[in-house]
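# Results of the structural survey
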Amino acid sequence: MINQNIHTMKQPALGKRISELRKEKGLTQEELVEQCNINVRTIQRIEAGEVSPRSYTIKAILDVLGFNYEDVIEESYDEGKFDSILGIKINKISKQLNLAWIFGIIYFIVSFIEVATEYYRFEDDIMLVNVSVYILVKVISVICFAVFYRGFVIAGNTNKNYLLEIMAFFMILATVLVGIFDIISLFVFKESFEYLIFIKLVCFGIFGILIGIGFLKLNKNHGVLPTITGVFEILIGFLIATILFADVGLFLLIPVQLLEIILLYKIAKTKN
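This is a predicted model, so every value here is computed, not measured.

What counts, and at which threshold
- Residues numbered from 1 in each chain as written.
- Predicted model: local features only at pLDDT ≥ 70, side-chain atom pairs only at ≥ 80, totals over all residues.
- Heavy atoms only, no water.
- Helix = DSSP H or I, 4+ residues; strand = E, 2+ residues; numbered from the N terminus.
- Areas by Shrake-Rupley, 256 points an atom, 1.4 Å probe, with all protein chains shown as cover.
- Salt bridge = Lys/Arg side-chain N within 4 Å of Asp/Glu carboxyl O.
- Buried < 20%, exposed > 50% of the residue type's maximum accessible area, 1.4 Å probe, protein only.
- Patch = residues over 30% accessible without salt bridge, like charges linked within 9 Å, V, L, I, M, F, W, Y side chains within 5 Å.
- Contact = heavy atoms within 4.5 Å.
- Axes fitted to C-alpha atoms, helices over the stretch in contact; angles between N-to-C directions.
- Parallel < 35°, antiparallel > 145°, perpendicular 65-115°, else oblique.
- Core = buried A, V, L, I, M, F, W, Y, C linked by side-chain atoms within 4.5 Å.
- pLDDT = per-residue confidence, 0-100.
- Left-handed = near helix turned anticlockwise from the far one by under 90°.
- Nonpolar A, V, L, I, M, F, W, Y, C, P; charged D, E, K, R; others polar.

### Here we look at the overall build of the protein
The helix and strand inventory of the protein stands at 13 helices and zero strands. Along the chain direction, N to C, the helices and strands of the protein fall in the order α-α-α-α-α-α-α-α-α-α-α-α-α. Working note: accessible area of the protein is about 14100 Å², and carbon and sulfur atoms make up 65% of it.

### A few points about the pattern of salt bridges
Two side chains of opposite charge can pair, provided their charged atoms sit close to one another. Within the structure shown, the criterion is met by seven salt bridges. A salt bridge links glutamate 114 to lysine 138; the shortest N-O distance between them is 2.9 Å. Placement of glutamate 114 in helix 7 (residues 93-123) and of lysine 138 in helix 8 (residues 131-158) is noted, with a sequence separation of 24 residues between them. Taken as a pair, glutamate 114 and lysine 138 share a single burial class, namely buried. Among the charged side chains, a salt-bridge network with shared partners connects Glu114, Glu118, Lys138, Asp182 and Lys200.

### Looking at a nonpolar patch on the surface
A contiguous nonpolar surface patch, about 760 Å² in accessible area, is contributed by Met127, Val131, Phe170, Leu173, Leu177, Ile180, Ile184, Phe187 and Val188. Here leucine 173 lies in helix 9 (residues 162-184).

### Concerning the environment of glycine 208
Positionally, glycine 208 belongs in helix 10 (residues 193-216). With 26 residues separating them in the primary sequence, glycine 208 and isoleucine 234 have C-alpha atoms 6.2 Å apart. Setting aside its immediate chain neighbours within four residues, glycine 208 contacts Glu233 and Ile234.

### Digging into the packing of helix 2 (residues 29-36) against helix 4 (residues 55-64)
It is at 9 Å that the axes of helix 2 and helix 4 come closest, and there the two elements cross at 110°. Judged on the interaxial angle alone, helix 4 and helix 2 are roughly perpendicular. Along its contact with helix 2, which presents Leu32, Gln35 and Cys36, the element helix 4 presents Ala60, Ile61 and Val64.

### A short note on the nonpolar core
The biggest cluster of nonpolar side chains holds 33 residues, and the ones touching the most others in it are Tyr149, Phe152 and Val153. Among the elements that line this core, the one with the most residues is helix 8, at eight residues. Residues within four places of valine 153 in sequence aside, it is in contact with Phe82, Leu86, Ile88, Glu165, Ala168, Phe169 and Ile172. Membership of the second largest hydrophobic core comes to 15 residues, among which are Cys36, Ile43, Leu62 and Leu65.

### Some details on the environment of tyrosine 162
The residue tyrosine 162 is located in helix 9 in this model. Non-local contacts of tyrosine 162, meaning those with residues more than four positions away in its chain, are made with Lys81 and Gly156.

### Some words on the confidence of the model for the protein
Mean pLDDT over the protein: 83, with 86% of residues reaching 70 or higher. Highest mean pLDDT in the protein belongs to helix 12 (residues 225-241) (94); lowest belongs to helix 5 (residues 69-75) (49).

### A closer look at the environment of glycine 230
Position of glycine 230 among the secondary structure elements: in helix 12. The class of glycine 230 is buried, set by a relative accessible area of 0%. The spatial distance from the C-alpha of glycine 230 to the C-alpha of leucine 218 is 9.1 Å, given a sequence separation of 12 residues. The contacts of glycine 230, once residues within four sequence positions are left out, are Gly212, Phe215 and Leu216.

### Brief notes about the side chain of glutamine 29
Counting through the fold element by element, glutamine 29 comes out in helix 2. Those residues within four positions of glutamine 29 in sequence are excluded, and the remaining contacts are Arg22, Ile43, Gln44 and Glu47.

### Quick look at the packing of helix 7 against helix 13 (residues 246-269)
Relative to each other, helix 7 and helix 13 sit at 165°, their axes nearing to 8 Å. Of the possible angle classes, the one that applies to helix 7 and helix 13 is roughly antiparallel. Every pair of crossing elements has a handedness; the one defined by helix 7 and helix 13 is left-handed. On helix 13, the residues touching Leu97, Asn98, Ala100, Trp101, Gly104, Ile105, Tyr107, Phe108, Ser111 and Phe112 of helix 7 are Ile254, Gln257, Leu258, Ile261, Leu264, Tyr265, Ile267 and Ala268. Taken together, the residues of the contact of helix 7 with helix 13 break down into 14 nonpolar, four polar and no charged.

Spelled out as structure tokens, the structure:
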């Protein structure tokens, strides 16, 4: 069928499918290139399975063949385990991925304020800002992180990387729960806050290691960036989980968060 997942096909199956669609339309290779403004040699090599075309090349070919590229892309997304919980819309995958990396930037900025308030609260037992501001920062941080990491839940599903999908979801869940407890501990269980810090570091360190492994599994489809991000994520996860070197790990989170944003941006671009 024409609605077969063209976007997720690999060569030579992709080239064969494009050839079939062209012939169904009754077009020669020369007629196709005239309409989509692509070199005839490129079409020949694609159909022969010699090269893997970029997304915009596939889009140009599908447009000429009377196909909506967006429909083809969205159909490559199978409903994930957590879609209903996270409100993921199958017909808006590209928009949700773009929203995710944008919220990643906002989270990156807000996290500086959050880390500073947490540091003074833990080390000196003082509030750097008043309670209302602290709660506002926490709520904004949790929301931004949830939307940001929802992008990795989607990325895990689209790439059949279920470790990344599952761990990204649990990172969201853990962040929400910890955020709630941080706010509650302002009023009750104040003596439990320090213990929570240690539990938080161990749990997030372990989660970070597993997510890093998930990133490594993305290298087939997205080049070397997932590998770099994954290696750093595993290293940071280990440092944080040890608690002894948590300060170093938390400092290294700054460049890794930037790498995550760039990675999600690149993934989103492949869906545009």
